[in-house]
Amino acid sequence: MIIETLSVFPEMFDSVMHASILGRAEAKGLFSFRAYDLRDWTHDRHRTVDDEPYGGGQGMLMKCEPLYEAIEDISSTGPRPRVVFFTPCGDRFTQATAERLAAEERLLLVCGRYEGMDERVYDLADERLSIGDYVLTGGELPAMVVADAVVRLLPGALGNAMSSEDESFSSAGLLEYAQYTRPAEYRGKTVPETLLSGDHARVDAWRRRNAIERTCRWRPDLLEDADLTDEERAYARSLLHEGSEGHA
């Protein structure tokens, strides 16, 4: 896979994209990364990428010309990238989105700045994404979030092939079960006995049940689309009912 970013601050990606799981995945050749500087596609001595909006208003907008030229130039060589823009108008980024993007051969993540981009530039986007209902200074952090979520899904990126399947928001649609490590007791708090039993079937059953319980407690909104058996869904309903009675 090829992941590329287009930004006025390409140096922001240096530490994130070359460290930890991403760095190891890149070293293994699972993906390649390049950060492009949008200012390389400007034609004035000040390397201007922004201008005042028509009609007035606060702040500056990113100009059409350098963005069009950059995206067209970058896309002209190699496989055509899937071009992703970040905007509050975009679809909410989810684990399902990450799984879909992980199947792409090449991604170009376009990072906005200032008060946004000239609206005409969005015609170049294959899709628009938002990572949440809050305001950030630029699109670099969302691009890092998307890249991290995507790379960890690439085969071989994680040490344990099952890790991504067990995580929260995986295909099961539940939060991940609680986990513990040594010591078995600390300040009076103990690890559940089942996890110490060595019985893998009991451990798996406990983890599944615990994932349902945690989802009911913290993210009940996920249950509607979760992959549950009839028995598990009935158990979830009973937990939610108990919870609503407890707050009556």
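A brief look at the structure comes next. As the structure is a prediction and not an experimental result, all values here were calculated from the model.

Criteria and thresholds
Residues numbered from 1 in each chain as written. Predicted model: local features only at pLDDT ≥ 70, side-chain atom pairs only at ≥ 80, totals over all residues. Heavy atoms only, no water. Salt bridge = Lys/Arg side-chain N within 4 Å of Asp/Glu carboxyl O. Helix = DSSP H or I, 4+ residues; strand = E, 2+ residues; numbered from the N terminus. Buried < 20%, exposed > 50% of the residue type's maximum accessible area, 1.4 Å probe, protein only. Contact = heavy atoms within 4.5 Å. Pairing = 2+ DSSP bridges. Axes fitted to C-alpha atoms, helices over the stretch in contact; angles between N-to-C directions. Phe/Tyr/Trp six-rings, centres within 6.5 Å; stacked < 30°, edge-to-face > 60°. Lys NZ or Arg CZ within 6 Å of the ring centre and 35° of its normal. Patch = residues over 30% accessible without salt bridge, like charges linked within 9 Å, V, L, I, M, F, W, Y side chains within 5 Å. Areas by Shrake-Rupley, 256 points an atom, 1.4 Å probe, with all protein chains shown as cover. Expected span 1.5 Å × (residues − 1).

Thoughts on the pattern of salt bridges
Per the stated rule, a full pass over the model turns up 14 salt bridges. Note that R80 and D126 form a salt bridge whose closest N and O atoms lie 3.1 Å from each other. Of the two residues, R80 is situated in the loop between α3 (64-75) and β5 (82-92) and D126 in the loop between β6 (106-110) and β7 (127-130); the sequence distance between them amounts to 46 residues. Residue classification places R80 among the exposed positions, given a relative accessible area of 56%. Among the salt bridges present, the one from E140 reaches R113, with a minimum N-O distance of 2.8 Å. Note that E140 is positioned in helix α5 (residues 140-151) and R113 in the loop between β6 and β7, a separation of 27 residues in sequence. The class of R113 is buried, set by a relative accessible area of 12%. Linked by salt bridges that have partners in common, R82, R100 and E127 make up one network.

Comments concerning the environment of G29
Within the secondary structure layout, G29 lies in the loop between α2 (20-27) and β2 (32-37). When the C-alpha atoms of G29 and R202 are compared, they prove to be 38 Å apart, with 173 residues separating the residues in sequence.

Here's the deal with the side chain of T87
With respect to the secondary-structure elements, T87 resides in strand β5. You can call T87 buried: its relative accessible area is 7%. Not counting chain neighbours up to four residues away, the residues in contact with T87 comprise Y122, R128, L129 and S130.

Concerning unusual backbone geometry
Of the consecutive residues R182 and P183, the connecting peptide bond is found in the cis state with omega at 5 degrees. For P183, the location among the structural elements is in the loop between α6 (163-166) and β8 (185-186). Even without being glycine, R187 reaches a positive phi, approximately 55 degrees. Summarising the element assignment, R187 is placed in the loop between β8 and β9 (189-190).

Notes on the side chain of T97
Take T97: it is sitting in helix α4 (residues 95-101). With relative accessibility at 8%, the residue T97 sits in the buried group. Those residues in contact with T97 that sit more than four places away from it in its chain are R92, E127 and L129.

Side note on the sheet that holds β2
Reading across from one edge, β2-β1-β6-β5-β7 is the order of the five strands in this open sheet, with parallel pairing throughout. In the strand order of this sheet, the two ends are held by β2 and β7, each with one partner. With direction set aside, neighbouring strand axes in the sheet form an average angle of 30 degrees. Helix-sheet contacts for α3 involve β1 (2-7), β2, β5 and β6, and the interaxial angle to β6 is about 170 degrees.

Looking at the packing of aromatic side chains
Counted by the stated rule, this structure contains three aromatic pairs. With a centroid separation of 5.9 Å and 50 degrees between ring planes, the pair formed by F13 and F33 is classed as tilted. With F13 in the loop between β1 and α1 (14-17) and F33 in strand β2, this residue pair connects regions lying 20 residues apart in the sequence. For the residue pair F13 and F33, the accessibility class agrees, reading buried in each case. When the centroid spacing of 5.5 Å and the interplanar angle of 50 degrees are considered together, the rings of F85 and Y122 count as tilted. With a gap of 37 residues between them, F85 in strand β5 and Y122 in the loop between β6 and β7 connect regions that are remote in the sequence. Sitting over the ring of Y235, R209 keeps its end group 3.8 Å from the ring centre.

Looking at a nonpolar patch on the surface
A surface patch of nonpolar side chains, about 290 Å² in accessible area, is lined by Y134, L136 and L141. Among the structural elements, Y134 can be located in the loop between β7 and α5.

Digging into α5
Taking 1.5 Å as the rise per residue, α5 with twelve residues should run 16 Å; its terminal C-alpha atoms sit 16 Å apart, in good agreement. The buried count for α5 comes to nine of twelve residues, which makes it a mostly enclosed element. Looking only at α5, the buried set comprises E140, P142, A143, M144, V146, A147, A149, V150 and V151.

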